[in-house]
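# Structural overview for review
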Amino acid sequence: MPLTNKQQQAKNLINLLIRHCWSNPDFKTKLIKDPVKTIEEVTGVPNTLPEEVSIEVEDQSDSSLIYLNIPPKSHSISVKDKRQKPEK
């Protein structure tokens, strides 16, 4: 399924931020410390996230670690563990 325009814009922004982090350690530190302000500076667009939503940036550049991000539960996602036996 193709990405929506909004999803593509978010993907492009994330890729831009990652490239900046890889090439500029000071930028990476700044993004980790204050992601909202840093993203506002990069995009020139003020933060429009609801007050109860925050952004957390974690440096996951250590190739000896694998990170697993668990998203919020969604009723629109169905994931089956193939190791589980089917319900009878």
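Attention in this report is confined to the structure presented alongside it. Note that this is a predicted model, so its numbers are computed, not measured.

Viewed as axis vectors pointing N to C, helix α2 (residues 25–33) and helix α3 (residues 35–43) meet at an angle of 125°, and their least axial separation amounts to 5 Å. Taken together, the axes of α2 and α3 lie oblique to each other. Between α2 and α3, the contacting residues are F27, K30, L31, I32 and K33 on the first element and P35, T38, I39, E41 and V42 on the second.

Moving on to the packing of helix α1 (residues 5–23) against α2. Viewed as axis vectors pointing N to C, α1 and α2 meet at an angle of 125°, and their least axial separation amounts to 5 Å. One way to sum up the angle between α1 and α2 is to call them oblique. Both α1 and α2 take part in a crossing whose hand is left-handed. Of the residues in α2, those in contact with L17, H20, C21 and S23 of α1 are P25, F27, K28 and L31. Among the residues making up the contact of α1 with α2, the classes are represented as 5 nonpolar, 2 polar and 1 charged.

We now examine the nonpolar core. It is characteristic of soluble globular proteins that their nonpolar side chains tend to be buried jointly. Residues L17, C21, F27, L31 and I39 constitute the largest nonpolar core, which totals 5 residues. Among the elements of the structure, α1 and α2 are those that each provide at least two residues to this core. In this structure C21 touches F27, K28 and L31, once residues within four positions along its chain are discounted.

Rules used throughout
- Residues numbered from 1 in each chain as written.
- Predicted model: local features only at pLDDT ≥ 70, side-chain atom pairs only at ≥ 80, totals over all residues.
- Heavy atoms only, no water.
- Axes fitted to C-alpha atoms, helices over the stretch in contact; angles between N-to-C directions.
- Helix = DSSP H or I, 4+ residues; strand = E, 2+ residues; numbered from the N terminus.
- Parallel < 35°, antiparallel > 145°, perpendicular 65-115°, else oblique.
- Contact = heavy atoms within 4.5 Å.
- Left-handed = near helix turned anticlockwise from the far one by under 90°.
- Nonpolar A, V, L, I, M, F, W, Y, C, P; charged D, E, K, R; others polar.
- Core = buried A, V, L, I, M, F, W, Y, C linked by side-chain atoms within 4.5 Å.
- Buried < 20%, exposed > 50% of the residue type's maximum accessible area, 1.4 Å probe, protein only.

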